[in-house]
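Summary of structural features
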Amino acid sequence: MADEEHQESIKVARDKYRSILNEASENIEWRYGGPPIFDAVNKLFEEGRTKEWPEGSLEETVQNAVKSWEVELSHKTRLQDFKTINREKFKLIVNGREGLSGEETLKLGNYNALLKNSLPEEFQYYKAEEESFESSHDAFRSAFPRGFAWEVISVYSGPPLITYKFRHWGYFEGPYKGHAPTGEMVEFYGIGVMKVDESMRAEEVEIYYDPAELFAGLLKGPYTSTSKKQHDNSNDKSTSSNQYPFSK
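Heads up: these notes are all about the structure in this document.

Conventions and cut-offs
Residues numbered from 1 in each chain as written. Predicted model: local features only at pLDDT ≥ 70, side-chain atom pairs only at ≥ 80, totals over all residues. Heavy atoms only, no water. Helix = DSSP H or I, 4+ residues; strand = E, 2+ residues; numbered from the N terminus. Buried < 20%, exposed > 50% of the residue type's maximum accessible area, 1.4 Å probe, protein only. Contact = heavy atoms within 4.5 Å. Areas by Shrake-Rupley, 256 points an atom, 1.4 Å probe, with all protein chains shown as cover. Phe/Tyr/Trp six-rings, centres within 6.5 Å; stacked < 30°, edge-to-face > 60°. Polar contact = N/O pair within 3.5 Å; in protein donor to acceptor, adjacent residues only side chain to side chain. Salt bridge = Lys/Arg side-chain N within 4 Å of Asp/Glu carboxyl O. Patch = residues over 30% accessible without salt bridge, like charges linked within 9 Å, V, L, I, M, F, W, Y side chains within 5 Å.

1. Thoughts on the overall build of the chain
On a plain count of helices and strands, the chain comes out with seven helices and six strands. Start at the N end of the chain and walk to the C end: the helices and strands fall as α-α-β-β-α-α-α-β-β-β-β-α-α. Across the 248 residues in the chain, those meeting the buried criterion constitute 47%. Long-range pairs, those at least 24 residues apart, make up 66% of the contacts in the chain with a sequence separation of at least 6. By element, 50% of the accessible surface of the chain is carried by carbon and sulfur atoms, the whole surface being about 12800 Å².

2. Points about the packing of aromatic side chains
All told, the structure shown has 16 aromatic pairs when counted by the stated rule. Relative to F188, the ring of F166 lies with its centre 6.3 Å away and its plane at 85 degrees, an arrangement referred to as edge-to-face. Residue F166 is found in strand β4 (residues 161–171), and its partner F188 is found in strand β5 (residues 185–196); the two are separated by 22 residues along the sequence. Note on accessibility: F166 and F188 belong to one class, buried. The interplanar angle of 50 degrees and the centroid separation of 6.2 Å between the aromatic rings of Y176 and F215 together place this pair among those described as tilted. Residue Y176 is located in the loop between β4 and β5, and its partner F215 is located in helix α6 (residues 211–218); the two are separated by 39 residues in the primary sequence.

3. Considerations on the side chain of S136
Its place among the elements puts S136 in helix α5 (residues 133–143). Polar side-chain contacts of S136 include one of 2.8 Å to the backbone oxygen of F133. Those residues in contact with S136 that sit more than four places away from it in its chain are Y111, N112, Y126 and E131.

4. Quick notes on unusual backbone geometry
Of note, the amide linkage connecting P159 to P160 takes the cis form, showing an omega dihedral of 15 degrees. With respect to the helices and strands, the residue P160 is situated in the loop between β3 (149–157) and β4. Positive phi is not limited to glycine here, since N95 has a value of about 50 degrees.

5. A look at the pattern of salt bridges
Here the structure, examined in full by the defined rule, presents 16 salt bridges. Of the charged contacts in the structure, one is a salt bridge between R167 and E151, with a shortest N-O distance of 2.9 Å. In this pair, R167 sits in strand β4 while E151 sits in strand β3, placing the two residues 16 residues apart along the sequence. A residue is classified by how much of its surface remains accessible, and R167, at 4% relative accessible area, is buried. Connected through salt bridges with shared partners, the residues E29, R78 and D81 form a single ionic network.

6. Observations concerning a nonpolar patch on the surface
On the surface, Y156, I191 and Y208 cluster together into a nonpolar patch covering about 280 Å² of accessible area. Considering the arrangement of structural elements, one finds Y208 in strand β6 (residues 202–209).

7. Topic: the environment of G96
Residue placement: G96 occurs in the loop between β1 (91–94) and β2 (100–101). Expressed as a C-alpha distance, the spacing of G96 and I207, which sit 111 residues apart in the sequence, is 8.2 Å.

That's the geometry; what it means functionally is another story.
Structure, rendered in structure tokens:
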């Protein structure tokens, strides 16, 4: 789920926060035709970060590695083009759920992979099973038009088993699934554990965070008039089955 932004044009990408974009990219299948440009979210990151790590430090290296991994997951269409993970061993584990392979993660998309949950349907504020890669990215790009920035707060252990704390934030300035924007900052914190090989390629990534911290800010926006009518109609239809959940 890390920094996300529309690709406004196709050009050779150079990015000081994502080293993967500074490497040759011939014969790579990019999702939007070419490597992404992160100018807007980089500006948001620089203005809002709480830590500025020295170049070459462990913290900067980890931050760059995770951002580079997210670039590949969000913007490449073939696992064979990934350079930041060990394709044969890779697993993504979120909040203790069963691990996803590289291919499974790529198919779902990072938002769906990170937000999938096993709560009863009536308590799910995000239903990953009903979202495609494209629809999930469109929803959050709409909500955060300047991007959704990500930073490393602390690194507790170095490779090969890296443990770190992160912060994710953006400004809710566009609609999200019928909720009007509030203009307020939405942020959440989490813990990551990343097992890497000798080339710093990720073999296993574990992410632990509370999705309610994210959605508390997004669902705070009032329903627009159209979406409110749809929401009310949906509630009317489901009242008889959901009003007394323990009566059967």
